[in-house]
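Summary of the model geometry
So you can see what is in the structure, the chains are spelled out below.
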Amino acid sequence: MRSSVFALLAAAVVGVVAQETSPAMPPLEKRALATVYTKCKVANTVAITFDDGPYSYEQELITTLAKYKAKATFFLNGHNWACIYDDSRIAAVKALYAAGHELGGHTWSHANMSSLTWDKMHNEMWKVEEALIRIVGVNPALFRPPYGEYNNLALSAIAARNQSAIMWDFDSGDSSGKTPAQTNALYDTLASKKPSSVLTLNHSTYNTTAKQTIPHALEVLSKRGYKFVTVSQCLGGGVKAYQWTQKAGVKDSTWKC
Ligand SMILES: [Zn+2]
């Protein structure tokens, strides 16, 4: 270390940053990148995840999930299909949290993180965090980048906000034009393959997902003996859903989209 310090001082004295030519210089520290999870770690678990809410089908999903004692994870937007501060959406977010489902961020406006500046990334993430802190009193630690798109700058921003990026290893296809029959067939194939664990992607914004796809998925996967858990549970120890929790707020005129 002594020689490194000496080399740093020497470089400062001559006014030259010589990290490429001086072997004594320590490498520049890389900015930390967020961990990206694409799979569950706990055997025999399925993490059912929903993106793009809150919208109109959360209550129905809560009822259906409860029939299978299933806990799921919802990656929420602030202002996408609806405004998270509308009374009905606030009620949906509170109901999801009260039912034991996990809540994560998915950007305020469903922005493609890989196309944003550093400041805009933080703004997109913070506004959803603020909404979740206000509505249910949780600061999320799980984040799903919209479209599954991210670059190293996005991973740096996610890390700076003490969060992890959560991807998936099974896509129901509900947001890419698949019919309910097709999404159900995909779940049938998944169940017949019976991987050790599954991290699914669905969207809580489609009537057909709430009424057909998820009831079918829960039925065929439960028959294979899986346990339906949240993302933090399926990742095992060490990954928390929330950075911290506090008392929920009360809506006022500043809660707006
Ligand atoms: Zn999305």
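In case you missed it, the structure is sitting above this.
Residues numbered from 1 in each chain as written. Predicted model: local features only at pLDDT ≥ 70, side-chain atom pairs only at ≥ 80, totals over all residues. Heavy atoms only, no water.

Interhelical geometry of helix α2 (residues 58-67) versus helix α3 (residues 87-98) gives an angle of 15° and a closest axis separation of 9 Å. Viewed along their axes, α2 and α3 adopt a mutual orientation that is roughly parallel. Between α2 and α3 lies a crossing of left-handed hand. Here E58, Q59 and I62 of α2 come into contact with α3, specifically with A92, A95 and L96. Each residue belonging to the contact of α2 with α3 can be placed in one class, and the counts come to 4 nonpolar, 1 polar and 1 charged. (Axes fitted to C-alpha atoms, helices over the stretch in contact; angles between N-to-C directions. Helix = DSSP H or I, 4+ residues; strand = E, 2+ residues; numbered from the N terminus. Parallel < 35°, antiparallel > 145°, perpendicular 65-115°, else oblique. Left-handed = near helix turned anticlockwise from the far one by under 90°. Contact = heavy atoms within 4.5 Å. Nonpolar A, V, L, I, M, F, W, Y, C, P; charged D, E, K, R; others polar.)

Our next topic: the nonpolar core. Grouped together as the largest cluster of nonpolar side chains are 53 residues, with contacts concentrated most on F74, L103, I135 and L221. For this core, the element with the highest residue contribution is helix α7 (residues 207-223), accounting for 6 residues. Beyond its immediate chain neighbours, meaning those up to four positions away, L103 contacts F74, L76, V93, L96, Y97, L132, V136, P140 and Y242. If you look at the next biggest cluster of nonpolar residues, it comprises 13 residues, including A34, A154, I158 and A165. (Core = buried A, V, L, I, M, F, W, Y, C linked by side-chain atoms within 4.5 Å. Buried < 20%, exposed > 50% of the residue type's maximum accessible area, 1.4 Å probe, protein only.)

Walk down a regular strand and you will see the side chains alternate between the two sheet faces. Neither face of strand β4 (residues 102-105) is left uncovered, since the one carrying E102 and G104 and the one carrying L103 and G105 both have all their residues buried. In the sheet, strand β3 (residues 73-76) pairs with β4 via 4 bridges, with the strands oriented parallel. Its bridge partner being in β4, T73 is matched across the sheet by E102. Between β3 and its parallel partner β4, the chain crosses via α3, and the hand of that crossover is right-handed. (Pairing = 2+ DSSP bridges. Right-handed = clockwise from strand over helix to strand, strands pointing away.)

As a further point, take the pairing of β3. With burial as the criterion, each face of β3 is covered, one bearing T73 and F75 and the other bearing F74 and L76. Pairing between strand β2 (residues 45-51) and β3: 3 bridges, direction parallel. Residue pairing in the sheet places D51 in a bridge with F75 of β3. With α2 bridging β2 and the parallel β3, this β-α-β connection has right-handed handedness.

A few words on the state of the cysteines. Taken as a whole and judged by the stated rule, the model has 2 disulfides. Between the sulfur atoms of C40 and its disulfide partner C234 the distance amounts to 2.2 Å. Torsion about the S-S bond of the C40 and C234 cystine: about -80°, corresponding to left-handed handedness. Pair noted here: C40 is in the loop between β1 (36-37) and β2 and C234 is in helix α8 (residues 231-234), with a separation of 194 residues, a long-range link. Residue C40 is classed as buried on the basis of its relative accessible area of 8%. By relative accessible area, which is 0% here, C234 ends up buried. The connectivity of the disulfide-linked cysteines in the protein chain, indexed sequentially, is 1-3, 2-4. (Disulfide = S-S within 2.5 Å.)

With that out of the way, let us pick up the pattern of salt bridges. If you walk through the whole model with that rule in mind, you get 7 salt bridges. A salt bridge links E129 to R161, with the nearest nitrogen and oxygen atoms 2.7 Å apart. Placement of E129 in helix α4 (residues 118-136) and of R161 in the loop between α5 (152-160) and β7 (164-166) is noted, with a sequence separation of 32 residues between them. (Salt bridge = Lys/Arg side-chain N within 4 Å of Asp/Glu carboxyl O.)

Looking now at unusual backbone geometry. That bond from G53 to P54 is cis: its omega, 0°, falls within 30 degrees of zero. One can find P54 in the loop between β2 and α2. Not every positive phi belongs to a glycine, and K69 is a case in point at roughly 50°. Tracing the backbone shows K69 in the loop between α2 and β3. Looking at K69, the relative accessible area reads 74%, which means it is exposed.

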